Amino acid sequence: MKYSIFSLARAALSGHKTWQRTWRDATPKDHYDVVIIGGGGHGLATAWFLASEFGIRNVAVLEKGWIGSGNAGRNTTIIRSNYGLPGNTGFYELSMKLWERMEQDLNYNAMVSQRGVLNLYHSDGQRDAYARRGNTMRINGIDAELLDQAALKKMLPFLNFDHARFPVQGGLLQRRGGTARHDAVVWGYAHAASALGVDIIQNCEVTGFVRDAHGKVTGVETSRGRIGAGKVGMAVAGSSSRVAAMAGMRLPIESHVLQAFVSEAIKPLIPGVMTFGAGHFYVSQSDKGGLVFGGDIDGYNSYAQRGNLPVMEDVCEGGMAIIPMIGRVRLLRQWGGIMDMSMDGSPIIDRTPVDGLYLNAGWCYGGFKATPGSGFVFAHLLARDEMHKEAALFRLDRFQRGAMIDEKGQGAQPNLH
Amino acid sequence: MRIVCPFCGERELGEFTYLGDAKPQRPAADAGEDAVYDYVYMRDNIAGVMSENWYHGGGCRSWLKVTRNTLTHEISAVEAAAGAGAAKVGA
Ligand SMILES: Cc1cc2nc3c(=O)[nH]c(=O)nc-3n(C[C@H](O)[C@H](O)[C@H](O)COP(=O)(O)OP(=O)(O)OC[C@H]3O[C@@H](n4cnc5c(N)ncnc54)[C@H](O)[C@@H]3O)c2cc1C
Ligand SMILES: [Zn+2]
């Protein structure tokens, strides 16, 4: 089904009772050219790019629950390309450019909203660091503007400019950043991939790998039976170590929980995305009016998809520090998601030492914005067996070679990235 | 989640800092690059019961060895980490 103003008008006239399912809920075949494990944003995007860009359509996406039940449906939907290090800068901009044409490519309204991402700074040192990051972005052709306090006072008069310890002095703004509707991104890729013949198979948990005499992966064991595969790609964010272990691999990754929070709906207040620079708090406002916000990960290994109170308190304190008036808004909902925290805070996309098995992992808390870019470069790797140039530094062996991409300079301590 | 410190009693999570899996051991100085790489970067990332290092910075400032289930957050044992801080004094 093709969506347009006309299909909308037609459906409206019939009381919206004529809408069809937007993608096929497939049953597994015996064999596929490529099997993708994980029906989150990355897995589905990979399948769509394989089919649309690289002409490989005999593809299945296997999802243990329902598509979008993992982080794709739990994140705070921020998209941006304001990274400072080689490897990340170009990759996230590739992804941003794909966000800008996603809705046309997929014929699906993903509510991509480029209303700006603003990182506040609170000291002279931080201003200089942000100026440097902005310059890095600009010499790479990415938009960035350093705003001073006077400019912010006009834009966001409610900020706590005179906070005793962390006065808001200004901010680094990427206007092309913003948010997208996370569920719609999942459904959009499913819609477009399914239309090109990709099988999306839910309630299908991968429980093991099938290997030939040489150790090459030739398929997967699943809760819905054995499925043969020419190649297998893992995109199981948060569960990467568990799935890799089935192939006898260990990864430079720890699984951690990140929480997200939504307040009751209020009138339009926050125009874009804002982050507190002296603690960890970021916020945007959804179209329904709720403030969507979050902060640090809880900080200990977890597979529980459930957060704890001290971080909630810390996040709310961060919010109060920059926007004191939100203290009067009530919290409506809170949840957690399990993410791969990698040893340098950057993702891993590569072949693995196991023949036929490919890895897409380590997205930390920033993988939503990467969804289209990750799908594209992973599909490139699966189809051509070579890294896309914008993902060339995300190799798995970079830790061994000392070629880490550590934006925060924290070292090999995953809970600090 | 609350942790029962063997020195301070039951305390809220905010008083503690997490280091991680207690299993990796620093290799000997002459162990070679692969052993160091393994120690610094590779993790079992256990889904289930794990032995972990926690620091009670908001209390007795001891390093603790906590046995915890990463699937449920249930803590089954807390002991002083060998040779650390208050563990020496208390023992
Ligand atoms: C609270 C929170 C807020 C976040 N906010 C942002 C943000 O604002 N901006 C941003 O860029 N990023 C954000 N992120 C990070 C982002 O959500 C993730 O990095 C990204 O969604 C991961 O890729 P994915 O969508 O493919 O993952 P997922 O949706 O988690 O997909 C992985 C899928 O694999 C499936 N799976 C696992 N094991 C198996 C198996 N054995 N067999 C079959 N299927 C399996 C899972 O069920 C899951 O559906 C946030 C994350 C969280 C938790
Ligand atoms: Zn103590």
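Rules behind the numbers
- Residues numbered from 1 in each chain as written.
- Chains lettered and ligands numbered in written order.
- Predicted model: local features only at pLDDT ≥ 70, side-chain atom pairs only at ≥ 80, totals over all residues.
- Heavy atoms only, no water.
- Helix = DSSP H or I, 4+ residues; strand = E, 2+ residues; numbered from the N terminus.
- Buried < 20%, exposed > 50% of the residue type's maximum accessible area, 1.4 Å probe, protein only.
- Contact = heavy atoms within 4.5 Å.
- Areas by Shrake-Rupley, 256 points an atom, 1.4 Å probe, with all protein chains shown as cover.
- Donors = N, O, S within 2.8 Å, 3.2 Å for Na, K, Ca; no water.
- Tetrahedral: all angles 85-135°; square planar, octahedral: opposite > 155°, others 65-115°.
- Core = buried A, V, L, I, M, F, W, Y, C linked by side-chain atoms within 4.5 Å.
- pLDDT = per-residue confidence, 0-100.
- Patch = residues over 30% accessible without salt bridge, like charges linked within 9 Å, V, L, I, M, F, W, Y side chains within 5 Å.
- Salt bridge = Lys/Arg side-chain N within 4 Å of Asp/Glu carboxyl O.
- Lys, Arg positive; Asp, Glu negative; His and termini not counted.
- Charge placed at Lys NZ, Arg CZ, Asp CG, Glu CD.
- Near = heavy atom within 4 Å.
- Polar contact = N/O pair within 3.5 Å; in protein donor to acceptor, adjacent residues only side chain to side chain.

## So, the overall build of chain B
Alright, step 1. Within chain B, the secondary structure is distributed over 2 helices and 6 strands.
Alright, step 2. Reading chain B from its N terminus to its C terminus gives the helix and strand order β-β-β-α-β-β-β-α.
Alright, step 3. When its C-alpha atoms are laid out on the principal axes, chain B stretches across 40 × 35 × 20 Å.
Alright, step 4. With 91 residues in all, chain B has 35% of them scored as buried.
Alright, step 5. Long-range contacts, defined here as pairs at least 24 residues apart, represent 46% of the contacts in chain B between residues at least 6 apart.
Alright, step 6. For chain B, the computed accessible surface area is about 4,900 Å², with 50% contributed by carbon and sulfur atoms.

## Quick look at the coordination of the zinc ion (ligand 2)
Any two of four tetrahedral donors ideally make an angle of 109.5 degrees at the metal, while pairs among six octahedral donors ideally make 90 or 180 degrees.
Alright, step 1. Every protein donor of the zinc ion (ligand 2) is accounted for by Cys5 of chain B (SG), Cys8 of chain B (SG), His56 of chain B (ND1) and Cys60 of chain B (SG), and the metal-donor separations fall at 2.0 to 2.4 Å.
Alright, step 2. Coordination at the zinc ion (ligand 2) is tetrahedral: its 4 donor atoms span angles of 102 to 122 degrees at the metal.

## Some remarks on the nonpolar core
Alright, step 1. By size, the foremost hydrophobic cluster in this structure holds 55 residues, and its most contacted members are Trp99 and Tyr189 of chain A.
Alright, step 2. Core analysis: the second largest hydrophobic core is formed by 34 residues, Ile37, Cys204 and Ile348 of chain A together with Met42 of chain B among them.

## What about the confidence of the model for chain B?
All names here are of chain B.
Alright, step 1. Per-residue confidence for chain B gives a mean pLDDT of 91, with 90% of residues at or over 70.
Alright, step 2. The model gives residues 86–91 a pLDDT under 50, and that stretch makes 9 contacts with residues more than four places away or in other chains.
Alright, step 3. Taken over the whole predicted complex, pTM reads 0.96, whereas the ipTM for its chain interfaces reads 0.92.

## Focus on a negative patch on the surface
Alright, step 1. On the surface, Asp296, Glu313, Asp314 and Glu317 of chain A together with Glu12 of chain B cluster together into a negatively charged patch.
Alright, step 2. With 3 residues, the single largest contributor to the negative patch is helix α8 (residues 309–322) of chain A.

## Overview of the site of ligand 1
All names here are of chain A.
Alright, step 1. Looking at ligand 1, there are 38 residues lining it, with Glu63, Asn71, Ala72, Thr76 and Lys369 nearest.
Alright, step 2. Glycine 367 has a polar backbone atom sitting 3.0 Å from an oxygen atom of ligand 1.
Alright, step 3. Residue lysine 369 places a main-chain N or O atom 2.7 Å away from an oxygen atom belonging to ligand 1.
Alright, step 4. Relative to its unbound accessible area of 990 Å², ligand 1 is 97% covered by the protein chains.
Alright, step 5. For the shell around ligand 1, the secondary-structure elements that each account for two or more residues are α2 (41–52), β12 (253–265) and β16 (331–342).

## Describing the environment of aspartate 44 of chain B
Alright, step 1. With respect to the helices, strands and loops of the structure, aspartate 44 of chain B is situated in the loop between α1 (33–41) and β4 (49–55).
Alright, step 2. Along the sequence, aspartate 44 of chain B and proline 24 of chain B sit 20 residues apart, while their C-alpha atoms lie 9.4 Å from each other.
Alright, step 3. Contact partners of aspartate 44 of chain B, with chain neighbours within four places excluded, come to Ser241 and Arg250 of chain A together with Asp21 and Lys23 of chain B.
Alright, step 4. Of the polar contacts made by the side chain of aspartate 44 of chain B, one reaches the side chain of arginine 250 of chain A; its length is 2.8 Å.

## Observations concerning the environment of alanine 403 of chain A
Residue and element names in this part refer to chain A.
Alright, step 1. With respect to the helices and strands, the residue alanine 403 is situated in the segment after α10 (398–401).
Alright, step 2. Among the residues examined, alanine 403 registers a relative accessible area of 32% and is labelled partly exposed.
Alright, step 3. Remark: the alpha-carbon pair of alanine 403 and aspartate 344, spanning 59 residues in sequence, is separated by 9.7 Å.

## Some details on the side chain of serine 7 of chain A
Residue and element names in this part refer to chain A.
Alright, step 1. By the element assignment, serine 7 lies in helix α1 (residues 5–13).
Alright, step 2. According to the relative accessible area criterion, serine 7 is buried, its value standing at 4%.
Alright, step 3. From its side chain, serine 7 meets the backbone nitrogen of serine 4 in a polar contact 2.9 Å long.
Alright, step 4. Apart from residues no more than four positions distant in its own chain, serine 7 is found in contact with Met1, Lys2 and Trp19.

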